[in-house]
Each structure stands twice: as structure tokens, then as C-alpha cells.
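Each chain, written out:
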Amino acid sequence: GCSNALFGMGNPLLDISAVVDKDFLDKYGLKPNDQILAEEKHKALFEEIVKKSKVEYHAGGSTQNSVKIAQWMIQEPHKVATFFGCIGKDHFGEILKQKAAEAHVDAHYYEQTEEPTGTCAACITGDNRSLIANLAAANCYKKEKHLDLDKNWSLVEKAQVYYIAGFFLTVSPDSILKVAKHACEHNKIFGLNLSAPFISQFFKEPLMKVMPYVDILFGNETEAAMFGKEQGFETDDIEEIARKVQLLPKVNKNRKRIVVFTQGKEDTVATVGDKVTRFPVIDIDQNDIVDTNGAGDAFVGGFLSELVQEESLEQCIRAGHYAANIIIQRSGCTFPEKPDFN
């Protein structure tokens, strides 16, 4: 990969994670394993979680995590990955800038003063994590104030591979479409993630508007099932859903859509040509799992790191499994100094 070959755009969030108990989840009406956007009733949760013992802060946001991991897998050259998103001019924003620089990601944030930098509370109970995102500044990304500017758009043009998490559909679908159409017109690769069940449910229209431009669709088994249900696929079979997603209308006929669904410790399912294939993940002892938060983002990051180097789908998936395996043995979406992957 050369510099700025991989482009990501999404919600930069500071992750605030803490171990909580079931009572805490119940108090705020949370499911043990879910991803939601914060509502009024969650305001106090953010205040309360910060007071918990052993609270940890990590730079986060789904897309940003993935491009960071891709950069970590690649190591050299630096700044293979570009990232766009919106932050506030505040302390948390400074932390995000510093963390992106440390990760050698070429982050170009749109900075504004209306809203503070977004946060994501990760409420951890055992192996589960309930995520509540308070988008704040992340929600203020403006296409015409950032993406459309020549100096920023030129970085989009430099890229060969594009990746955006479905979460960003709630923020700036126009920005996503502009990038997706550019990729399509230049026969470059555009990747999207289903990200969370609520995206397929409540943001169906923007999701299906961008789908014809999607070359690679990522998701996990829960998201895939919800997408299938919402699209009237009338099947719970993950392989069948993958196949049906592949057959959805597609603008760029030069590339067959690739669908990749992870299933935690079960096999990853992916479309290879006209077939659907299963790829076993790396075996791990349950006791070695510290925190599954970020595993999905890590998988995509590993995958993208090989994709940007034009490696085979099998190799991309292997790298995805490797990165996810490393991440779940650590707290938050963090990684050791160097990868040990070839």
C-alpha cells in the first residue's frame, strides 16, 4: 500500500469503558450485547460510568478503529490510511488527534464548536459489551464544509479502497454516496459495514441507496439476520442471506459483490465467486478473552490491510481473523507494538 491508499470516514468517538453489573444495565434499559444511540434517558449513564472504578479511555469509533488496525497491520509506510470525521475543539478532541497521530493514521478532522467530541460508553458485563454512542460532534460532519473542499477531496481521489461503517448513515448519507459513486466510476473498491441491527431497521432508505455501490459488505450474524428480515429474504440461514445480498442490484459490473459475515467464534461466511464458503476462525481458549469489544472492527481492519495490498480474499480473511484474535485478548481496541502475521 502507498500513502492514503485506504480511505475511511465515520464517527470519531472517545470510548469510555467500564465493567458494570446487571443492575446497571437494567437501570438504563440496556441489553448485555447491543449497540444503540444515546437518548435523553442515557444522559445520567455517561456521568455515572465515569465515576465507576477502573474506567478506561480509548480512541474509538468503528471506522476509525478499523483504519487504525489496518495501518498497524501494514506498519510501513505510515499514513496508508486516511480518516475523515467531526470532533469538537476540546480535550477529548485533542486526545483523538494525538491517538490518530500515534497510530500513523492521516486523520483530517472537521473541527467545530457547536458540539463536544462524541463519546461511546462501553458497559462491560463478562464477555458482553453494551455500547451507547453519544455522537455529539460526530453528528455534525458537513459534506460541504469538509468533504467537498479541494484539499480534502484530493485525499479521497488518492485512495484505492474505501471503507465506511453503516453508523455513518445516520450522520451524512450524502457524503457516503459521493465517495461511493467516486469509487464506482473509477473501478475502485467500496466497502460498507451493516454495523448494528438498528441501521438495517431504521436507516433502511439511506442504506439501500448506497447498496448498489457496495463492492464488499461486512456484518456479523445478528446484523445479517436483521438485514435479511428487513429485506424480506424469508430465511435465517446466514449463507443464504449472504448469497441474496450478493445478488442485490449493483452498478459496477466489473466487480462481483463480496459479502463477509463474521459469527464470533463460529466460522466466518463469505461469498467466493458464486459460492458461499466458510472460513474457521483461530481457536482461542475462553480464558484468554479479555474483551470482545472491537473484534468486528479489528476483523475489518485486518481484512482491509491485505485488500489494499491486492491480496486474495482468503488472505484478507486470514488477516481479519488474526487481527480480531489479537484484539480480544486485550482491553479496548488496542494492539501490541507490532503484528506477527504473514
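- As named in an unreviewed UniProt entry, the protein is Adenosine kinase, taken from Pygocentrus nattereri.
- For the record of the protein, the UniProt heading Function (unreviewed entry) holds the text "ATP dependent phosphorylation of adenosine and other related nucleoside analogs to monophosphate derivatives."

**Brief notes about the nonpolar core**
Link 1 in the chain: Judged by nonpolar contacts, the single largest core of 90 residues is most densely connected at Met9, Tyr141, Val179, Phe190, Val245, Phe261 and Phe303.
Link 2 in the chain: Counting residues per element, this core draws most heavily on helix α7 (residues 173-185), which supplies 6 residues.
Link 3 in the chain: Residues contacting Phe303, with those up to four places away along its chain left out, are Ile216, Phe218, Val260, Leu313, Cys316, Ile317, Ala319 and Gly320.
Link 4 in the chain: Ile16, Phe24, Tyr28 and Leu30 belong to the second-largest nonpolar core, a separate cluster that totals 13 residues.

**A short note on the state of the cysteines**
Link 1 in the chain: As enumerated under the stated definition, the model contains 0 disulfides in all.
Link 2 in the chain: Left without a disulfide partner, Cys140 is nearest to the cysteine sulfur of Cys86, which lies 5.3 Å away.

**Let's talk about helix α2 (residues 43-51)**
Link 1 in the chain: Of all the positions in α2, only Leu45, Phe46 and Ile49 are classed as buried. The arc that holds every buried residue of α2, seen down its axis, measures 100°, which confines them to one face. Away from its buried face by more than 90 degrees, α2 exposes Glu47 and Lys51.
Link 2 in the chain: In this structure, the buried residues of α2 make contact with β2 (13-19), α1 (22-27), β7 (118-125) and β8 (128-134).

**Side note on the pairing of strand β5 (residues 81-88)**
Link 1 in the chain: Within β5, 8 of the 8 residues are buried, which leaves the element mostly enclosed by the surrounding structure.
Link 2 in the chain: Burial of β5 is two-sided: the residues Ala81, Phe83, Gly85 and Ile87 facing one way and the residues Thr82, Phe84, Cys86 and Gly88 facing the other way are all buried.
Link 3 in the chain: By the bridge criterion, 4 bridges tie strand β1 (residues 6-9) to β5 in an arrangement that is parallel. Each residue of the ladder has a partner; that of Leu6, found in β5, is Ala81.
Link 4 in the chain: In this structure, β5 lies alongside strand β6 (residues 106-112), joined through 7 bridges in parallel fashion. Looking at the pairing, Gly88 lines up with Gln112 of β6.
Link 5 in the chain: In this view, the connection linking β5 to its parallel neighbour β6 by way of helix α4 (residues 91-102) has right-handed handedness.

**A short note on the pairing of β2**
Link 1 in the chain: The buried count for β2 comes to 6 of 7 residues, which makes it a mostly enclosed element.
Link 2 in the chain: Here β2 runs beside strand β4 (residues 56-60); their pairing, made up of 5 bridges, is antiparallel. Note on β4: the bridge partner recorded for Ile16 is Tyr57.
Link 3 in the chain: Where β2 and β7 come together, 7 bridges link them in parallel fashion. Looking across to β7, one finds that Leu14 is bridged to Thr119.

**Concerning the packing of helix α10 (residues 221-230) against helix α11 (residues 238-246)**
Link 1 in the chain: Running from N to C, α10 and α11 point in directions that differ by 60°, and their axes come no closer than 10 Å. The pairing of α10 with α11 is recorded here as oblique in orientation. Remark: the crossing between α10 and α11 carries left-handed chirality. Where α10 abuts α11, its residues Glu221, Ala224, Ala225, Phe227 and Gly228 lie against Ile238, Ile241 and Val245.
Link 2 in the chain: Split into classes, the residues belonging to the contact of α10 with α11 amount to 6 nonpolar, 1 polar and 1 charged.

Criteria and thresholds
- Residues numbered from 1 in each chain as written.
- Predicted model: local features only at pLDDT ≥ 70, side-chain atom pairs only at ≥ 80, totals over all residues.
- Heavy atoms only, no water.
- UniProt positions renumbered as here; feature names shortened; annotations may be inferred.
- Core = buried A, V, L, I, M, F, W, Y, C linked by side-chain atoms within 4.5 Å.
- Buried < 20%, exposed > 50% of the residue type's maximum accessible area, 1.4 Å probe, protein only.
- Helix = DSSP H or I, 4+ residues; strand = E, 2+ residues; numbered from the N terminus.
- Contact = heavy atoms within 4.5 Å.
- Disulfide = S-S within 2.5 Å.
- Arc of directions from axis to C-beta.
- Pairing = 2+ DSSP bridges.
- Right-handed = clockwise from strand over helix to strand, strands pointing away.
- Axes fitted to C-alpha atoms, helices over the stretch in contact; angles between N-to-C directions.
- Parallel < 35°, antiparallel > 145°, perpendicular 65-115°, else oblique.
- Left-handed = near helix turned anticlockwise from the far one by under 90°.
- Nonpolar A, V, L, I, M, F, W, Y, C, P; charged D, E, K, R; others polar.

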